Amino acid sequence: MEAVKCLSGGASLEANAESVLRAITPSLDPTRHKGQAGKIAVIGGCREYTGAPYFAAISALKIGADLSHVFCTEGAATVIKSYSPELIVHPILEESYNISGVNDEGKRDISKKILSEFDKWMERFDCLVVGPGLGRDPFLLECVSKIMTRARQSNVPIVVDGDGLFLVTNSIELVSGYRLAVLTPNVNEYKRLVQKVLGCDVNDQNTHGELLSLSKQIGNVTILRKGKSDLISDGEKVQSVSIYGSPRRCGGQGDILSGSVAVFLSWARQCNSAAERESTISRTNPTVLGCIAGSALLRKAAALAFEHKKRSTLTTDIIEHLGQSLEAISPAS
Ligand SMILES: NC(=O)C1=CN([C@@H]2O[C@H](COP(=O)(O)OP(=O)(O)OC[C@H]3O[C@@H](n4cnc5c(N)ncnc54)[C@H](O)[C@@H]3O)[C@@H](O)[C@H]2O)[C@@H](O)CC1
Ligand SMILES: Nc1ncnc2c1ncn2[C@@H]1O[C@H](COP(=O)(O)OP(=O)(O)OP(=O)(O)O)[C@@H](O)[C@H]1O
Ligand SMILES: [Mg+2]
């Protein structure tokens, strides 16, 4: 199956995203137990943002993951739980304002406690999504750096989005050379990444070459550059997903994408039957497959939601169409 054709160097080719989706989506086999279709954790949710981690975590469930966790601050946790009883919410993160009277030693103890709380769960996760609605509090980000380092030591894939990209752009060593990392920058996040890593401004005359260089420079991590077309590269080649989505640019669509990529990359890593081993798909990096599938599904769901809701289309409407969009490509029975 030639689902993923690509050219190296400066060119990219449109991925056959539907074939990728069909190949990596597992069948609903009655012998499978809870957890086998994916256990995802989103690290995000703070005083300002509760929508973003919710969107990422609920999207993972709506696509077909079995369990979806959120690690956030205490204040955000109550709010996120009230959005949905389906999510498992851990109120473990702390922001500086909440511990302003605590001395350095006290802060170290809090940091250790956060890490040990996370450690109890980490080995169970198929993928982490770090960043949707995380905020930029320095103490919180320092704790999240430690969480990422721990996940990396345990070979747990990490999708980095939103404020997670702010953290990683300033501490690139957190993901550098980690082949199970995926960065999903929007226009601003990409600009900051290019400036920091390549030391220049974004060059729209050399889109593909620049994306290849950026990925290579960070040790071949997979990058999904969001935009009119989504461009995906692991430093070897560039592929695009340009399926028509929606003209509505409401906030939160990137959060759906990060939750979706987490599920699909987990599924792509499980795809190892003999037939799949022979195919182009199985020779493609699972992180790249996850990006292609996530991007395509989000765009299809956005198109369907827009058909119904037009100008009033919101992120929650798009989430409601994720299942139908996947069903049209890979039917449940
Ligand atoms: N409901 C929620 O809780 C949401 C929270 N979000 C979170 O908010 C935090 C910050 O993310 P943002 O994406 O807002 O931060 P960014 O710094 O990436 O972008 C913010 C600004 O960029 C501008 N912008 C967008 N597209 C542009 C373009 N093509 N050219 C020029 N400027 C452009 C926007 O108007 C906005 O003012 C993250 O943690 C994110 O996850 C967002 O995901 C949106 C939804
Ligand atoms: N100009 C565009 N035309 C069509 N689709 C787009 C366009 N820009 C972004 N998208 C789609 O919307 C998705 C989200 O991209 P966007 O740039 O809005 O992310 P974001 O800013 O991180 O979103 P969020 O508000 O969740 O943080 C991308 O996967 C992409 O497919
Ligand atoms: Mg975003």
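Bear in mind the structure is a predicted one, so any value in this text is a computation, not a measurement.

**Quick word on the pattern of salt bridges**
Scanning all chains against the criterion turns up eleven salt bridges. Where Lys-62 meets Glu-320, a salt bridge forms, and the shortest distance between an N and an O atom there is 3.3 Å. Placement of Lys-62 in helix H2 (residues 51-63) and of Glu-320 in helix H13 (residues 315-320) is noted, with a sequence separation of 258 residues between them. Residue classification places Lys-62 among the partly exposed residues on the basis of a relative accessible area of 37%. Between Asp-119 and Arg-150 there is a salt bridge; the shortest N-O distance is 2.2 Å. Taken together, the positions of Asp-119 in helix H4 (residues 104-122) and Arg-150 in helix H5 (residues 138-153) put the pair 31 residues apart, joining distant regions of the chain. What makes Arg-150 partly exposed here is its relative accessible area of 27%.

**With respect to the nonpolar core**
Most often, soluble globular proteins have nonpolar side chains that are buried together. Of all hydrophobic cores here, the largest spans 59 residues; its most connected members are Ile-24, Leu-87 and Phe-264. A per-element tally of this core places helix H12 (residues 286-309) first, with eleven residues. Apart from the residues within four sequence positions on either side, Leu-87 is in contact with Tyr-54, Ala-57, Ile-58, Leu-61, Ser-68, Val-70 and Ile-80. Core analysis: the next-biggest nonpolar cluster, separate from the first, contains 46 residues, Val-175, Leu-211, Ile-223 and Val-238 among them.

**Here we look at the site of ligand 1**
Ligand 1 sits among 16 residues. The nearest are Gly-133, Asp-163, Asn-186, Asn-188 and Asp-255. Between ligand 1 and the protein, one listed contact pairs an oxygen atom with a backbone N or O atom of Gly-51 at 3.3 Å. Note that an oxygen atom of ligand 1 is positioned 2.9 Å from one of the backbone N or O atoms of Gly-133. Burial of ligand 1 by the protein amounts to 50% of the accessible area it has alone, namely 870 Å². The set of elements that each furnish at least two residues to the shell around ligand 1 consists of H2 and helix H7 (187-198). Here the shell around ligand 1 takes four residues from H7, the largest share from any one element. Residue composition of the shell around ligand 1, by class: six nonpolar, six polar and four charged.

**Side note on the UniProt feature "binding site: (6S)-NADPHX" (unreviewed entry) in the protein**
Under the feature "binding site: (6S)-NADPHX" (unreviewed entry), the UniProt entry names Gly-133, Asn-186, Val-187, Asn-188, Glu-189, Tyr-190, Lys-191, Arg-192 and Asp-255. With respect to the helices and strands, the residue Lys-191 is situated in helix H7. Here Asp-255 shows up in helix H9 (residues 253-270). Classification of Asp-255 as buried rests on a relative accessible area of 12%. Beyond its immediate chain neighbours, meaning those up to four positions away, Asp-255 contacts Ala-52, Phe-55, Ala-56, Pro-132 and Asp-161.

Reading the values: rules and limits
Residues numbered from 1 in each chain as written. Chains lettered and ligands numbered in written order. Predicted model: local features only at pLDDT ≥ 70, side-chain atom pairs only at ≥ 80, totals over all residues. Heavy atoms only, no water. Salt bridge = Lys/Arg side-chain N within 4 Å of Asp/Glu carboxyl O. Helix = DSSP H or I, 4+ residues; strand = E, 2+ residues; numbered from the N terminus. Buried < 20%, exposed > 50% of the residue type's maximum accessible area, 1.4 Å probe, protein only. Core = buried A, V, L, I, M, F, W, Y, C linked by side-chain atoms within 4.5 Å. Contact = heavy atoms within 4.5 Å. Near = heavy atom within 4 Å. Polar contact = N/O pair within 3.5 Å; in protein donor to acceptor, adjacent residues only side chain to side chain. Areas by Shrake-Rupley, 256 points an atom, 1.4 Å probe, with all protein chains shown as cover. Nonpolar A, V, L, I, M, F, W, Y, C, P; charged D, E, K, R; others polar. UniProt positions renumbered as here; feature names shortened; annotations may be inferred.

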